[in-house]
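Listed below, chain by chain, are the residues.
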Amino acid sequence: MVGSLNDTLNLIGKATPARLVNASRVFTSYQYSRIMGRAMHNALPISIAIEPTTSCNLRCPECPSGLRSFTRPTGMLKAELFKNTINELAKTLSYLTFYFQGEPYLHPQFLDLVHYASLKKIYTATSTNAHYLSEAMAKHTIESGLDRIIISIDGTSQETYEAYRIGGKLDKVLEGARNIVRWKKELKSLTPFVVFQFLVVKQNEHQIAAVHKLAKEIGVDHVALKTAQIYDYKNGSDLMPTLDKYSRYQREKDGTYSIKNELLSHCWKMWQSCVITWDGKVVPCCFDKDAHYVMGDLNQQSFKEIWFSENYNAFRESILRSRNEIEMCRNCTEGTKVWA
């Protein structure tokens, strides 16, 4: 509870008049576009996700990085491209996620990039499999100013953990989490807010209570239970949990499965956020993992030129017109609610 309060106050503390005005304009643009059925935008994103790398040490079965199934290249984000983008957006940007695909800590300058954004008073977050959180790296993480760290822990025993995190070692994850918690105390730091993210699948659903207990023992601030995205879900999957509340999919009368989410023809995310791949491509959503819907290239254009382009607005209008015709939206459980 104390950790959550500190995190909320930390986020609020980064608000500035320029960021609040920008957020208000984003909300107004979104609502106007929904009502009129025509895309209009006159503000910059509230949040962005940027991808340090597509490289990963694990082979998770529903992850393009893990499956090595990308059609786009693998590489590392260049510091110059990152800094140029942050410099352009820092005045209005409230939230920066250092994650899309891949393991962020494999980027050799990752925490230097975090520190750069932290100096701009932007709330920073990342998601990691925690295999690289040695004592030294944990200390560096605290010193970087990172505001939130999400640690993927999909089991409380090695057997259940590796059912999804193939190639991973639960002991390394727990060691990394303990290192982060210990160095927070050592450096008397309120950040980062530490989250255990538990991807609920059939193999680990019986350990939900156990992961809450483990988090409390270590000193983790919060446990987030996440539903699993299944790419080929129509005929079911061995990963689908039996507990319906933790499944994104529902069984139909003919034995096939469909996504629970109703594909309404609007999406808040198209107005308030976007994703930047390691090589500078701007894509509209985290569900576009292979970057099929490229809105522009930061190596050739400024962010503002891309964000306000006819191409981007045409894509927003296609969402308003018929979202279920867009491939990446068909397996989406997010985006329709403001502030989701």
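Residues numbered from 1 in each chain as written. Predicted model: local features only at pLDDT ≥ 70, side-chain atom pairs only at ≥ 80, totals over all residues. Heavy atoms only, no water.

Undergrad: Where do I start with the confidence of the model for the protein chain in this structure?
TA: Detail in the predicted coordinates should be disregarded across regions flagged by low pLDDT. The predicted model of the protein chain averages 91 in pLDDT, with 95% of residues at 70 or higher. Low confidence marks residues 335-340, where pLDDT is under 50. Its contacts with residues over four positions away, or in another chain, come to 16 contacts. (pLDDT = per-residue confidence, 0-100. Contact = heavy atoms within 4.5 Å.)

Undergrad: Help me understand the packing of aromatic side chains, please; the structure alone is not making it clear to me.
TA: For any two aromatic rings, the description comes down to two numbers: the centre-to-centre distance and the angle of the planes. The full count for this structure, using the stated rule, is twelve aromatic pairs. Pairing phenylalanine 303 with tryptophan 307 gives two aromatic rings, centres 5.7 Å apart and planes at 20°, and the pair type is stacked. Here phenylalanine 303 and its partner tryptophan 307 are both found in helix α11 (residues 303-307), four residues apart, which amounts to about one turn of the helix. A residue is classified by how much of its surface remains accessible, and tryptophan 307, at 0% relative accessible area, is buried. Residue placement shows lysine 139 over the ring face of tryptophan 183; its charged tip is 5.7 Å from the ring centre. (Phe/Tyr/Trp six-rings, centres within 6.5 Å; stacked < 30°, edge-to-face > 60°. Helix = DSSP H or I, 4+ residues; strand = E, 2+ residues; numbered from the N terminus. Buried < 20%, exposed > 50% of the residue type's maximum accessible area, 1.4 Å probe, protein only. Lys NZ or Arg CZ within 6 Å of the ring centre and 35° of its normal.)

Undergrad: It is not clear to me how the environment of phenylalanine 27 should be interpreted in this structure. Could you clarify?
TA: By the element assignment, phenylalanine 27 lies in helix α2 (residues 17-36). Phenylalanine 27 sits in the partly exposed class, given a relative accessible area of 32%. Separated by 244 residues in sequence, phenylalanine 27 and tryptophan 271 have C-alpha atoms that sit 8.0 Å apart.

Undergrad: Just checking my understanding: could you explain the pattern of salt bridges for this structure?
TA: Oppositely charged side chains may form a pair once their charged atoms are brought near each other. Within the structure shown, the criterion is met by ten salt bridges. Among the ionic pairs, arginine 148 bridges to aspartate 7, the shortest N-O distance being 2.6 Å. With arginine 148 in strand β4 (residues 148-152) and aspartate 7 in helix α1 (residues 2-13), the pair connects residues that are 141 residues apart, well separated along the chain. Each member of the pair, arginine 148 as well as aspartate 7, carries the same accessibility label: buried. Note that aspartate 154 and arginine 165 form a salt bridge whose closest N and O atoms lie 2.6 Å from each other. Residue aspartate 154 is located in the loop between β4 and α7 (158-164), and its partner arginine 165 is located in the loop between α7 and α8 (170-186); the two are separated by eleven residues in the primary sequence. This pair shows no difference in class: aspartate 154 is buried, exactly as arginine 165 is. One continuous salt-bridge network, built from bridges that share partners, spans Asp279, Lys281 and Asp297. (Salt bridge = Lys/Arg side-chain N within 4 Å of Asp/Glu carboxyl O.)

Undergrad: Could you clarify how one ought to interpret unusual backbone geometry in this entry?
TA: Where the residue is not glycine, phi is negative for most of them; where a peptide bond is considered, it is trans in most cases. With an omega of 5°, the peptide bond running from threonine 191 to proline 192 counts as cis. Mapping proline 192 onto the fold places it in the loop between α8 and β5 (193-200). With phi around 70°, alanine 130 is a residue other than glycine that occupies positive phi space. In this structure alanine 130 comes out as buried when scored by relative accessible area, which is 0%.

Undergrad: Honestly, the sheet that holds strand β9 (residues 273-276) in this entry has me stumped. Any pointers?
TA: Within a sheet, adjacent strands bond to each other through the backbone by hydrogen bonds, running parallel or antiparallel. As summarised here, the arrangement of the nine strands in space is β6-β5-β4-β3-β2-β1-β9-β10-β11, forming an open sheet in which the pairing is mixed. Only two strands of the sheet have a single partner each, and these edge strands are β6 (222-227) and β11 (296-297). Inspection of the sheet shows β4 paired to β5 by five bridges, in the parallel sense. Bridge pairing in β5 places arginine 148 opposite phenylalanine 193. Those strands touched by helix α9 (residues 208-218) are β5 and β6, and its axis lies near 165° from that of β5. (Pairing = 2+ DSSP bridges. Axes fitted to C-alpha atoms, helices over the stretch in contact; angles between N-to-C directions.)

Undergrad: Would you mind going over the pairing of β5 with me for this structure?
TA: Each regular strand carries side chains that alternate between the two faces of the sheet. Among the eight residues of β5, eight are classified as buried, and the element is accordingly described as predominantly covered. Side chains of β5 alternate between two faces, with Phe193, Val195, Gln197 and Leu199 and Val194, Phe196, Phe198 and Val200 buried alike. Each parallel crossover has a hand, and the one from β5 via α9 to β6 is right-handed. (Right-handed = clockwise from strand over helix to strand, strands pointing away.)

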